[in-house]
Amino acid sequence: MSDIPRRAVTRTAKLASLPLGFAGRTALGLGKRSVGRPAEAVALEVQRRTAEQLFAVLGELKGGAMKVGQLLSIFEAGLPEEVAGPFRASLTRLQEAAPPMPAATTHRVLAEGLGEDWPAMFAEFDDRPAAAASIGQVHKAVWHDGRTVAVKVQYPGAARALMSDFNQISRLSRLVTPLFPGVEVKPVIADLKRRLEKELDYVDEARAQTAFHDAYDGDPDFAVPAVVAQSGNVLVTEWLEGTPLARVIAEGDQEARDRAGLLLFRFLLSGPARCEMIHIDPHPGNFRMLDDGRLGVMDFGGAARVPAELQWSIGRLLRIGTLGDPDDIVDALFEEGFLIGDAEVDPDEVAALVAPHAAPFAVERFRYSREWLREQTSRGLGLASDLRPGALARAFRLPPQYLALSRALSGCGGVLCQLEAEGEYRAEAVRWLPGFSAGTDPDLDDQEQVTA
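Residues numbered from 1 in each chain as written. Predicted model: local features only at pLDDT ≥ 70, side-chain atom pairs only at ≥ 80, totals over all residues. Heavy atoms only, no water.

### Details of a negative patch on the surface
Here is step 1: Residues D325, D327, D331, D346, D348 and E349 make up a contiguous surface patch of negative charge.
Here is step 2: Put simply, the parts of the chain that give the negative patch at least two residues each are α13 (326-336) and α14 (347-358).
Here is step 3: Relative to the assigned elements, D346 resides in the loop between α13 and α14.
Here is step 4: Look at D346 and you get partly exposed, because its relative accessible area is 39%. (Patch = residues over 30% accessible without salt bridge, like charges linked within 9 Å, V, L, I, M, F, W, Y side chains within 5 Å. Areas by Shrake-Rupley, 256 points an atom, 1.4 Å probe, with all protein chains shown as cover. Salt bridge = Lys/Arg side-chain N within 4 Å of Asp/Glu carboxyl O. Lys, Arg positive; Asp, Glu negative; His and termini not counted. Charge placed at Lys NZ, Arg CZ, Asp CG, Glu CD. Helix = DSSP H or I, 4+ residues; strand = E, 2+ residues; numbered from the N terminus. Buried < 20%, exposed > 50% of the residue type's maximum accessible area, 1.4 Å probe, protein only.)

The following block contains the structure:
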């Protein structure tokens, strides 16, 4: 396969095969239960086989379908270990082994973007892709001035294919249920569609990357490649050499994983303060650990703006969560729109739900772990599956202004759990989130500020 499959009937058939395949596996599982197999074992087998088929098809389709797979990859740390192993294997194939475009197709896209004389712009150009992304692939090259560069080339037909994907991909909600019970996929997919439309625009991505590069230029902790050239469906940036974050997750010692986790968290929290933007696609494929200890950051197509007032609100909500007063938590959630206006909720129940999210910032040092995430996932499933009238799940909503932030921060948390990283995350919140530090909110009394 070379390009994204563009015939609607072909792509629709592939996506349609997913729920059909799941239905078949479910029937098979029910049959096995009838001959005495434990229900838990059958459920695990259904999860494993579903993951294998899901990511095989998503990886083949690339585009929007592959993007959904990348998003789900962040949360694999919350799966039972019996499922997480094959799940990770499928994700590795999805993220790293997408079929490349043939050289002739790549050259055509380069000519359309940079002009027919594009070869003169490079001293060297490697036709073999160095990496594959959801909507394009990256080639390593040497710019005419001697700089090593990454040349991002968008797959032909990507825009048409993506829109076709999102007309069909809501069917995946039936598949995600056995993998991540309780996850509401449709709002996430709707946000992905909006973000992916932005990612298709390399002009917008170049603008965002330049903003981050300018904000972090010369920083001792981070490396953001400069944009070298952009035109059409081609984006040329400086090359980053380093150890992929996925390898740190798989092979790094505790010190390496702790540093990578702290830097990832620091980058996401500091972005709004330094350039009023946040990187919202924190899957491991977008990060490298450089030999000098810095975290290299790539792929800014999904960056979102975070204005000062929203930064303040995030810090305030987080601080109130760490203080743990149920009535204050409920008042703040109503004020920010997380609770439906006429909802009647039990403050203690709300506080119990919020507590795990605030836990990393209520202590000086915290260790993220797969076990911790599984505990929180299991805990959240009770809320998500509660169908009682007036159940707490029905009272919550995610305000639109928090959607991108939620994706970024929850994704970061998933990666930190993959890293099993320990660090002083509270100190990062104090440093980068206005409204979190003690003494910054005149509405809090002295005792609350001391406690904060």
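Okay, back to it.
### Structural notes on the confidence of the model for the protein chain
Here is step 1: Per-residue pLDDT for the protein chain averages 77, and the proportion of residues at 70 or more is 63%.
Here is step 2: Across residues 1-9 the pLDDT falls below 50, and counting only partners more than four positions away or on other chains, this stretch makes 30 contacts in the model.
Here is step 3: The model gives residues 18-44 a pLDDT under 50, and that stretch makes 33 contacts with residues more than four places away or in other chains. (pLDDT = per-residue confidence, 0-100. Contact = heavy atoms within 4.5 Å.)

### Brief notes about the packing of α13 against α14
Here is step 1: Relative orientation of the contacting elements α13 and α14 amounts to 80 degrees, with a least axis distance of 8 Å. In terms of axis orientation, α13 runs roughly perpendicular to α14. Facing P326, D327, I329, V330 and L333 of α13, the residues of α14 in contact are P347, D348, V350, A351 and V354. (Axes fitted to C-alpha atoms, helices over the stretch in contact; angles between N-to-C directions. Parallel < 35°, antiparallel > 145°, perpendicular 65-115°, else oblique.)

### A few points about the sheet that holds strand β9 (residues 287-289)
Here is step 1: The strand order β4-β10-β9-β7 describes an open sheet built from four strands, whose pairing is mixed. Each of the sheet's edge strands pairs with one partner strand only, and the pair in question is β4 (222-223) and β7 (243-244).
Here is step 2: Summarising the sheet, β7 and β9 pair through two bridges and their orientation is antiparallel. Its bridge partner lying in β9, P244 is registered against R288.
Here is step 3: The sheet strands contacting helix α11 (residues 254-275) are β4, β9 and β10 (295-297), and the helix crosses β9 at an angle near 135 degrees. (Pairing = 2+ DSSP bridges.)

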